[in-house]
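Chain residues, written in single-letter form:
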There are 2 protein chains.
Amino acid sequence: MPFAERIEKALHDSLAPLNRKDAPPKLAAAIPYAVFPGGARIRPTILLAVATACGDDRPELSTAAAVALELIHCASLVHDDLPAFDDADLRRGKPTVHRAFSEPLAVLAGDSLIVLAFEVLAKAGHHAPDRALALTGALARHTGAPFGICAGQAWESEPKVDLLAYHRAKTAALFVAATQMGALAAGQEAEPWTELGDRIGAAFQVADDLKDALLTSDQIGKPAGQDAAHLRPNAVQAMGVEGAVAHMKDILAGAIASIPSCPGEAMLAGLVTAYARKMTVLPEAAR
Amino acid sequence: MPFAERIEKALHDSLAPLNRKDAPPKLAAAIPYAVFPGGARIRPTILLAVATACGDDRPELSTAAAVALELIHCASLVHDDLPAFDDADLRRGKPTVHRAFSEPLAVLAGDSLIVLAFEVLAKAGHHAPDRALALTGALARHTGAPFGICAGQAWESEPKVDLLAYHRAKTAALFVAATQMGALAAGQEAEPWTELGDRIGAAFQVADDLKDALLTSDQIGKPAGQDAAHLRPNAVQAMGVEGAVAHMKDILAGAIASIPSCPGEAMLAGLVTAYARKMTVLPEAAR
């Protein structure tokens, strides 16, 4: 089954327990609303690609890991859009969860998605409990504090920002989780896959900075110009459009070089190249 | 080591990773602020009591389970106090997290605490991975949706409330988690311990309703009269003070009767009786 289909089906299955008469109806609607229709599902796709490159001998576990990672990503979008943060009206071209439902339901939908991510891993883990625990650890480390996306978001509340820690935690963390969890689900060590995730994450941050600076809200389906509005560090401000594009290409070349030797090395290099092409098309078209 | 000391020490240890130079300082301060000083730590105490009654042959795992459960409880308090929910200024006699820090930091502290709970279980799980996965599943089920405290809180956004589902999820869920996780940490089955947790939770809800209706904000260290203010169902409204006290005593008698046969049966019965005494003293003094 192609990665995209496998991810969508498993995401749907993970939300099935919400279809109960004794579930609170609005929350049971808000949670799927936050997950479907999805974005590019890039993190779970990278996870499955790394798992496949490593042999993917436990596909039920790598699928669960992909779902768990995407649920955490969706949760982070719901909470980041809240009035206390970006106060965003739109996400993926439709009203944000707090606009479509309410602020309490957005907080609770995010919380529920975080919990569900770990529940999905626990459920899939009984055939390979050691791997499931390692996956839980890797996901938690890159989601919470001090290294995860919660810490990344929290840097925006600081008067003095540790830029390296900020970018690592805010964006790269879930990409490192993707590569590490792909390897762990296939019974491999996580550490050799860290640099690949780190570099893809860094490239993504630059691509996002370019989109935020160059495109309109309509084009990206969410408010544009948010970095300037919130005084957030942005690569385009620091090095200009040309500089940022060149920087992104450098990072991705290094990403391909960092791929550990494994049966699927060439396939993975191809995937990163395809993403690199996609990421540079947008800013070049906008110029 | 007495339960209270064991819980406090393990909670402190679980937060140690936040003491890093590259952690965002405000979040690293907000998280411990939400955990210390604690309330009565009733849920983890019940968990350790059940684990002890079942033999507690993996104390490092039962301790981790107790910490995980208390971290989830603390997270729920931080999020419940947010402006979008109770908009509370005080908790445990001091400013709530969003008042002391900010709303973004309160959202992120709650999120981080949820994640940390599952991380603590994963870290302690390597000696008994099957038990750790069962603990993760039990904690997730009683925290998220459709059965956990997230669902319980979400019922307050519904125009028509399923009262049974509401009380089960809002309050009883974490007490059921406590008894089930105590048994699971000691290698026993969870199900026989469900009724005990359910009944302790139901009694707690009635005790809380009595406090909310009878005591002042100063006496309980958080805003009083919140149920009436938020039109939430309350046992005192439904059956009066006398009726609510009698109802609570009935529930607790049933709780003691429900304790499964085990080495620590008498110790557990004594614990529930002691809690019952504590819970009825307050409303009787207030009359």
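Small disclaimer: the values here were computed from a predicted structure and weren't measured.

A.B. asks: What is the right way to look at the overall build of chain A in this model?
C.D. replies: Along chain A, the regular secondary structure elements total 14 helices and two strands. Taking 19 Å as the expected radius of gyration for a compact globule of 287 residues, we find that chain A reaches 18 Å, a close match to that expectation. Of the contacts formed within chain A by residues at least 6 apart in sequence, a portion of 69% connects residues at least 24 apart. Accessible area of chain A: about 11,100 Å², with a carbon and sulfur share of 57%. Measuring between centres, the 26 positive side-chain charges of chain A sit 4 Å from its 33 negative side-chain charges.

A.B. asks: How do you make sense of the pattern of salt bridges when you look at a structure like this?
C.D. replies: Charged atoms that come close allow side chains of opposite charge to pair. For the structure on display, the rule yields 26 salt bridges over all chains. R199 of chain B is the salt-bridge partner of E195 of chain B, the closest N and O atoms lying 2.8 Å from each other. Here E195 of chain B pairs with R199 of chain B, and both are found in helix α10 (residues 194-214), just four residues apart, close to one helical turn. Each member of the salt-bridge network shares a partner with another, and the members are E8, R41, E70 and R92 of chain A.

A.B. asks: Would you mind showing me how to read the packing of aromatic side chains here?
C.D. replies: All told, the structure shown has five aromatic pairs over all chains when counted by the stated rule. When the centroid spacing of 4.9 Å and the interplanar angle of 10° are considered together, the rings of F118 of chain A and F118 of chain B count as stacked. Of the two residues, F118 of chain A sits in helix α6 (residues 103-124) while F118 of chain B sits in helix α6 (residues 103-124), which places them in two different chains. Assigned by exposure class, F118 of chain A and F118 of chain B land together as buried. Here F175 of chain B and F204 of chain B contribute two aromatic rings whose centre-to-centre distance is 4.8 Å and whose plane-to-plane angle is 35°, an arrangement assigned as tilted. Here F204 of chain B lies in helix α10 and F175 of chain B lies in helix α9 (residues 163-185), a separation of 29 residues in the sequence. Given the relative accessible area of 1%, F175 of chain B is considered buried. F204 of chain B sits in the buried class, given a relative accessible area of 15%. The side chain of K94 of chain A reaches across the aromatic face of Y33 of chain A, ending 3.6 Å from its centre.

A.B. asks: How should I be thinking about the packing of α10 of chain B against helix α13 (residues 235-258) of chain B in this particular structure?
C.D. replies: In helix packing, the relevant descriptors are the interaxial angle and the interaxial distance, both defined with respect to the helix axes. All names here are of chain B. Put simply, α10 and α13 touch, their axes get as near as 9 Å, and they point 155° apart. It follows from the interaxial angle that α10 and α13 lie roughly antiparallel. The hand of the α10/α13 crossing is left-handed. For the contact of α10 with α13, a count of residues per class yields 17 nonpolar, three polar and four charged.

A.B. asks: What exactly am I supposed to notice about the relation of the copies chain A and chain B here?
C.D. replies: Both copies of the chain are related by a screw-like operation: a rotation about an axis and a shift along it. Mapping chain A onto chain B calls for a screw motion: a turn of 180° about the axis and a shift of 0.0 Å along it, with 0.0 Å RMSD after fitting. In symmetry terms, the pair is related by a two-fold rotation axis. Minimal C-alpha distance to the rotation axis in chain A is attained by P129 of chain A, lying at 2.8 Å. Taken together, the interface assignments show that 100% of the residues at the interface of chain A recur at the interface of chain B, consistent with an identical surface on both copies.

Rules used in this analysis
- Residues numbered from 1 in each chain as written.
- Chains lettered and ligands numbered in written order.
- Predicted model: local features only at pLDDT ≥ 70, side-chain atom pairs only at ≥ 80, totals over all residues.
- Heavy atoms only, no water.
- Helix = DSSP H or I, 4+ residues; strand = E, 2+ residues; numbered from the N terminus.
- Rg over C-alpha atoms; globule rule 2.2 N^0.38 Å.
- Contact = heavy atoms within 4.5 Å.
- Areas by Shrake-Rupley, 256 points an atom, 1.4 Å probe, with all protein chains shown as cover.
- Lys, Arg positive; Asp, Glu negative; His and termini not counted.
- Charge placed at Lys NZ, Arg CZ, Asp CG, Glu CD.
- Salt bridge = Lys/Arg side-chain N within 4 Å of Asp/Glu carboxyl O.
- Phe/Tyr/Trp six-rings, centres within 6.5 Å; stacked < 30°, edge-to-face > 60°.
- Buried < 20%, exposed > 50% of the residue type's maximum accessible area, 1.4 Å probe, protein only.
- Lys NZ or Arg CZ within 6 Å of the ring centre and 35° of its normal.
- Axes fitted to C-alpha atoms, helices over the stretch in contact; angles between N-to-C directions.
- Parallel < 35°, antiparallel > 145°, perpendicular 65-115°, else oblique.
- Left-handed = near helix turned anticlockwise from the far one by under 90°.
- Nonpolar A, V, L, I, M, F, W, Y, C, P; charged D, E, K, R; others polar.
- Least-squares fit on C-alpha atoms with pLDDT ≥ 70 in both.

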